[in-house]
Every structure is written in structure tokens, then in C-alpha cells.
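# Geometric and topological summary
For reference, the chains in residue letters:
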Amino acid sequence: METFQSLLGRKLSDALAKAGLPEAADVTPATDPRFGDYQTNAALVLAKQRGEKPRDVAEKIIAHLKVSDVSEMPTVAGAGFINFTLRAESIAQKALEILADDRLGVARSTSPKKIVIDFGSPNVAKPMHVGHIRSTVLGDALARIAQFLGHEIVRDNHIGDWGTQFGMVIWGWKNLLDRPALERDPIGEIVRIYKETNERSTSDPTVREACRQELVKLQSGDPKNFSIWKQCVELSMQDFERIYGLLDIHYDIQRSESFYNDRLPNVVERLLKSGIAEISEGAVCVFFRDIPELADKPCIIRKRDGGFNYATTDVATVDYRINDLKSDTIWLVVGAPQILHFKQIFAIARREGYTADFRHITFGSILGEDRKLMKTRSGENVPLRDLLDEAVQRARKIIEKKNPDLSETEKIDIAQKIGIGAVKYYDLSQYRMTDYVFSWDRMLSLQGNTAPYLQNAYVRVRSIFRKAGAPAGKIDKLILREVAEINLAKRLCQFAEVVPQVLNDFRPNILANYLFELANSFHAFYEACPVLKSEEPVRASRLALSELTGRVMLRGLDLLGIKVPEKM
RNA sequence: GCGCCCGUAGCUCAGCCGGAUAGAGCAACGGAUUUCUAAUCCGUAGGUCGAGUGUUCGAGUCACUCCGGGCGCGCCA
């Protein structure tokens, strides 16, 4: 199924060819309803190239445009814009087609890729905290959207389970561990011993040295240390799983850092042999003398003491994802501070001859009300678990007040969907690069661009169908007479234009904004156009519009990883 | 010092490849409800897009300079 935008774009190309003009600009959604539904500035672009008057060029293009089957007569406006206004019958027809389509009109990508998406990436022995929200939620949404568009997706959780911190964790385990506390709250206890050891080692060189020794023993395969490490990993993974369960996040694979251990010596050897790496001050480094911005920033892949670091692991990870997983595209949803690091990794990969499409997808920070990085009152990272629990509790309180008659099981279910949805949507509805201020009141508000507002639109649809007692029947004609009906139908047709756009620059907020506008259009329709009380055939038509709204909302929110309740 | 990101209404934010008179939401003010869930809708008011210069028929968007904030820059991850 073709969108109006693509259809008009094609017809524009035909017209340009017939008018003997070269390809110029695309057809885009109109910038303002005054100008109709779609517009093109092709005439402006061509007039400039050819030194002609824009409006004359526009007239010439219009003379060859054959769009009467979808659009009213195109008009020239302003400096030389060509405006298209869709015909109500075309909108009705398109909406009907979408109604009959499982994919709601969204086309599959014409060039499907195999994409490894690396997101989340928590660290073992450290609790997940607010800082993990953006990578996790953004990565998951991108994975869902890319998958829906027909790409083959591998969601990979690159868990940090092999860092230097394990020297400290193991030393702490051996010297400070409180067994009963470990039984009660494993992660809390591991974090406690890690923190305390960290403090001791900064003030006491002998502790620091002992930790280093524990790390060396671990890395050389000492059974005792390995077993402690293993237990920490397992306990942490259980903790992660609980949070992923709450968030409804699912990975296809979880290749932790330690997975790459035995590949690291080969990586360094290979890079040395090929001349990409060289020895400098005892360390093995890769220099980028021909890349100005990296010229004075070498990448160390083996430390002077012979140890490997995260750059080595990341080079091995690239190998694995391309050679073993056979991917042609790699997306890394990792914070902006690592931009330089990934530039180096990508540069190394290119020197090795890899042609895969690498994207480092960065994002801004989450700030507290004080506009500084969000922390607890005592200055620590806010544990993600606590934050999500609070979201659900706050949602529960609102439900309790607004709709106290719901059953206990319903309340529990709805509170989860609203609370978790609110946190996710608040994140995804904003441009990923902006730092945003975390605010419970704003994200849980029933008004404005929030998850609860969108969920409410869906709930209203469901409510209509509960009252109707039956799903919308099959119809062969939509009746679009009221402005609110036409606007809603147009909006529904745009879903297929919006979804693929998200991947242009990894902006789920484009989809979020669309869903907000859809909810808006639906609420306006709901106010202006009674559904159940209207006479046939208007009633059936409005039921169909309602059903389609519900389906688009459900699918759209699902692509963002957000669930919808039936009541709220 | 070098590099990256951000700066848009009182507040929180949209504005993808440069396009028409810069848009929402919140808060403020004024209306609509014996409801298909008012958890909503309609309206009013609110702006030198951090500052400046340049490119262009056209700049919030591109280039350069400056100001302000955040982050990064050989053996942590």
C-alpha cells in the first residue's frame, strides 16, 4: 500500500519528466493546514537552477500533474509552492484499505538489513539506575520499530562483567562479606562491599595492591576467584531480569564482556601483524595520524602490563557481530561520553576492511529538579528499581482516586501499564539529545503529551465497543462529513508515513508526537461526533474510525514498548 | 588547548534533509458537562529562536566568531 505522500511524490516526478524538468524536491506534509495537506517546493528549487520565475515554473509543473484521483486541483501559493488538498473520497478509501491491513498501511523496508542493536548494557555488581533508562528504552523502541519495518534484529545486551571493579568486589567478598545480608539483598550487599573496598583502596595502598592481585588471579583463571565472580554475575543477572520483566524488555542474546576474553589475544596479534597497531611506550596502540580529529588520540588495545581493556573487547565485539552473527549494520545505543571511543573503534574496523554500517546512537542526560544530573538526596544514583516501583505506586494512587470501583486485579494491572508507560513515554517523546528534567507530575499528568493521555484515548475507544457490545462490522464505505471525521481519517493515513521516518535519525519522538496528535484528533472527534447514538450508516462508519484509531494507537504505543489498559 | 552536544513562550519541550505569518503541552484567563469515561473539548493571552556576521530568492535550521551550560581527550569501563 502506498502512502499519499509517496503517491504524490511519484506523480510529481512524472509531471517533471513530462515537462522536461529534472528531479527536484519531494512532496512533504503541508506546514500549515491553510496550505492543504501536502506541498512541494520543487518549483522554487528549479526556478533557482534555471533562472526562471518560480510561479511560472510551478504553473508549468501543474499543467502536467495528474493527481485528480487523490487531490483537488493543485494550487500555486506564496513564492511558488504547489499545494495539494486531499479529496475526502480518497481519504475515506485509503482509511478503508488501512482498516483491512494488518500492518496499518506501513510498508516493509525495500532494503532489509541484519541489525545488531546494542543497548542497555548494565554493569555487574552495580545496580541499574536512572542512567540506564535512556539506553534501554530507546534501544528497545528502535528495535521494535526496525523489526516492524522488516529488518532482522539481534538485540544484544553487552553486560559489563569483566572490569577492573572485580578486583575490588573479590577482595571485598573475601574480607568484608556479610552472608546473611547477601541472602536478604544480594545486590545491595555486593554494592556495599564494592563501595567500601573502593574507599579503603583509595586511602590504603596495600588494599589497592591486594585488589589488583585479585584481579590478576581472576583473569588468569584462579578457581576460587572465578567462582566468586560467577556468583556475582548470576546474582546481578537475576536482578536485571526482574527489571527487564517490569519494563517488558527482551534480549535475543546477552554477550557480556567476558564472552570475548579468549578472543582478545588474537585481536591484538592480528592488528599488530597487519600493521594497524604498533607498540608505543610498552603498550599496543592504534594511531590515526591521517584522521585530523583523532591524530593525537591513539587507542590502546593492550596495556603496558599486558592486560586488555575495553577497546580490545569492543574490537572483538565488532568481529563477532560481523563474522559470527553475519550482521551488516550495528547500532550502539550508548551515551555521548563515549563518542571518541567509538570513533576509534569504527576507524579500526574500517582499516580492517569491514564495510558494515556502524552507528553510535547517543542521547542526553536525565536531570533532577535542580537541573543537575539526577541523584538521590544523599548524592547517589537513583536505583532504577525504586524509580519504577514509585512510578507504579503513583499511578495506583491516581487510579484509586479517579476510578475506585475497579477490581483489585484490574488496579494492579492498570497501575503497571500507566506507571511504566509514563516513564518510557516521557523519555521517548523528547528528542534523544536533549537533557530532560525528570518530573513525576508531568509524566503522569492526564493532560498534555503523556502516556496516560494517549492510553486514555485507547480506553475511550474500548469503552465505546464495550457499550456497543460488538466489534465494528465490515463496511464498504466510510462517511467523512464532519471536520473532525476528516481530520481523524487523515491522521490515521499518516501513520505509514511517520513510522519509517523514525529511523532516519533514530527519533522515536517523531512517532510519539504523531500518536499525541492522533489522540488529539480522536478526542476532538469523540466530542463532536457521537458514535453509538448516530444513525446508520454514519454509526458504522464512526465505529470503523474508532476501531482504526484504537488499532493504530495500540500498534504505535507497542512500537514504543508501551502497553495499553482496557480501562483506567 | 582541542573535540562533541545543548541554548526556541514564565515552565517543560517539538520543529527530519534550509521553505510560507516559529508550534504544542503545563501554568494563567474565558467558555462547554443531566457524557459513548470532563482522565475531555473549544477559545484568549504569551517570542528580538543565546548574541553577531556571512551564504541564499528564502535561515530556528547551513558556515564562521563570540557568550553561557554539559561532557570527553594513552594504559578505568
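Reading guide: rules and limits
Residues numbered from 1 in each chain as written. Chains lettered and ligands numbered in written order. Predicted model: local features only at pLDDT ≥ 70, side-chain atom pairs only at ≥ 80, totals over all residues. Heavy atoms only, no water. Domains from an automatic or database assignment. Contact = heavy atoms within 4.5 Å. Salt bridge = Lys/Arg side-chain N within 4 Å of Asp/Glu carboxyl O. Nonpolar A, V, L, I, M, F, W, Y, C, P; charged D, E, K, R; others polar. Helix = DSSP H or I, 4+ residues; strand = E, 2+ residues; numbered from the N terminus. Expected span 1.5 Å × (residues − 1). Buried < 20%, exposed > 50% of the residue type's maximum accessible area, 1.4 Å probe, protein only. Near = heavy atom within 4 Å. Polar contact = N/O pair within 3.5 Å; in protein donor to acceptor, adjacent residues only side chain to side chain. Lys, Arg positive; Asp, Glu negative; His and termini not counted. Phe/Tyr/Trp six-rings, centres within 6.5 Å; stacked < 30°, edge-to-face > 60°. Lys NZ or Arg CZ within 6 Å of the ring centre and 35° of its normal. Pairing = 2+ DSSP bridges. Core = buried A, V, L, I, M, F, W, Y, C linked by side-chain atoms within 4.5 Å. Axes fitted to C-alpha atoms, helices over the stretch in contact; angles between N-to-C directions.

We now examine the domain arrangement of chain A. As assigned here, chain A comprises domain 1 (4-86), domain 2 (114-157 + 253-361), domain 3 (165-247), domain 4 (384-443) and domain 5 (451-559). Distance from the C-alpha centre of domain 1 to the C-alpha centre of domain 5: 30 Å. The interface of domain 1 with domain 5 comprises 4 residues on the first partner and 4 residues on the second. The interface formed by domain 1 and domain 5 includes 1 salt bridge. Across the pair Asp37 and Lys490 runs a salt bridge, and its minimum N-O distance is 2.8 Å. A per-class count over the side of domain 1 that touches domain 5 returns 2 nonpolar, 1 polar and 1 charged.

Since the α-helix packs 3.6 residues into each turn, any two residues three or four apart lie on the same face. Taking 1.5 Å of rise per residue, 15 residues should cover 21 Å, and helix H1 (residues 4-18) covers 21 Å from first to last C-alpha, within 8% of that figure. Within the sequence span of H1, burial applies to Phe4, Leu7, Leu8, Lys11, Leu12, Ala15 and Leu16. Positioned one or two residues after H1, Gly20 has a phi angle of 70°, which is positive.

Okay, the pattern of salt bridges next. The final tally for this structure, using the stated rule, is 44 salt bridges. Linking Asp324 and Arg263 is a salt bridge whose minimum nitrogen-to-oxygen distance equals 3.4 Å. Of this pair, Asp324 sits in helix H12 (residues 310-324) while Arg263 is found in the loop between helix H10 (223-247) and helix H11 (264-273), placing the two residues 61 residues apart along the sequence. Notably, a salt bridge pairs Asp357 with Arg359, separated by 2.9 Å at the nearest N-O pair. Exposure remark for Asp357: the relative accessible area of 30% places this residue in the partly exposed category. Where salt bridges share partners, they join Asp140, Arg144, Arg155, Asp248, Asp252 and Asp558 into one cluster.

Attention now goes to the protein's contact with RNA strand B. For RNA strand B, the set of nearby residues contains 69 residues, the closest of which are Leu446, Arg460, Ser463, Lys533 and Met568. In RNA strand B, atoms within 4 Å of the protein come from the sugar-phosphate backbone in 59% of cases. Within the side chain of Thr434, an N or O atom sits 2.5 Å from a phosphate oxygen of RNA strand B. Taking Gln447, its side chain carries an N or O atom lying 3.2 Å from a phosphate oxygen of RNA strand B. Of all the secondary structure elements, the ones that give two or more residues to the surface near RNA strand B are helix H2 (42-50), strand S4 (81-84), strand S8 (283-286), helix H13 (339-351), strand S13 (436-437), helix H17 (451-468) and helix H19 (508-528).

Turning next to the side chain of Thr450. Residue position: Thr450 is located in the loop between helix H16 (440-443) and H17. When residues no more than four places from it in sequence are discounted, the contact partners of Thr450 are Tyr425, Arg442, Met443 and Ser445.

Attention now goes to the side chain of Asp314. When you line up the elements, Asp314 lands in helix H12. Buried and unpaired, Asp314 has no salt bridge, with Arg321 as the nearest side chain of opposite charge at 6.7 Å. Once residues lying within four places of it in the same chain are set aside, the contact partners of Asp314 are His158, His341, Phe342 and Ile345.

Quick look at unusual backbone geometry now. A cis geometry characterises the amide bond from Glu536 onward to Pro537, with omega recorded as 5°. If you trace the backbone, Pro537 turns up in the loop between H19 and helix H20 (538-559). Residues other than glycine seldom take positive phi values, yet Ser121 does so here, at roughly 45°. Locating Ser121 in the fold gives a position in the loop between strand S5 (114-119) and helix H5 (131-148).

Time to look at the packing of aromatic side chains. Summed over all chains, the structure comprises 16 aromatic pairs. Relative to Trp440, the ring of Phe438 has its centre 5.0 Å away and its plane inclined at 90°; by these criteria the two rings are edge-to-face. The exposure class assigned to Trp440 is buried, which follows from its relative accessible area of 13%. By way of ring pairs, the aromatic residues Phe119, Tyr244 and Tyr251 are connected into one cluster. One residue, Arg103, lies across the ring of Phe148, its end atom 4.5 Å from the ring centre. One residue, Arg255, lies across the ring of Phe259, its end atom 5.0 Å from the ring centre.

To continue, consider the pairing of S4. Examined bridge by bridge, strand S2 (residues 38-40) and S4 share 3 bridges and lie antiparallel to one another. When the sheet's bridge partners are listed, Gln39 is paired in S4 with Asn83. Sheet analysis places strand S3 (residues 75-77) next to S4, joined by 3 bridges and oriented antiparallel. What sits directly across from Val76, in S4, is Ile82. Counted between consecutive antiparallel strands, the loop separating S3 from S4 contains 3 residues, among which Gly78 sits at a positive phi close to 55°.

All right, on to helix H8 (residues 186-203) then. Helix length check: H8, at 18 residues, gives a terminal C-alpha distance of 26 Å against a target of 26 Å (1.5 Å per residue), a fit within 8%. Where H8 is concerned, the buried positions are Ile187, Glu189, Ile190, Val191, Ile193, Tyr194, Thr197 and Ser201. As for H8, its buried residues are in contact with helix H6 (165-176), helix H7 (179-184), helix H9 (205-219) and H10.

This next bit is on the nonpolar core. Within the largest apolar cluster, 156 residues are counted, with the highest numbers of intra-cluster contacts made by Ile61, Leu387 and Leu511. It is H10 that contributes the most residues to this core, 10 residues altogether. Setting aside residues no more than four positions away along its own chain, Ile61 makes contact with Leu12, Ala15, Leu16, Leu21, Ala42, Ala43, Leu46 and Ile82. Formed by 35 residues, the second largest nonpolar core is a distinct cluster that contains Val318, Tyr320, Leu325 and Leu332.

Attention now moves to the sheet that holds strand S7 (residues 277-280). Spatially, 3 strands are ordered S7-S8-S9 in an open sheet, and the strand pairing comes out antiparallel. Bordering the open sheet on either side are S7 and strand S9 (299-302), each of which pairs with just one other strand. Neighbour to neighbour, the strand axes of the sheet diverge by 45° on average, direction disregarded. For S8 and S9, the ladder comprises 3 bridges, and the chain directions are antiparallel.

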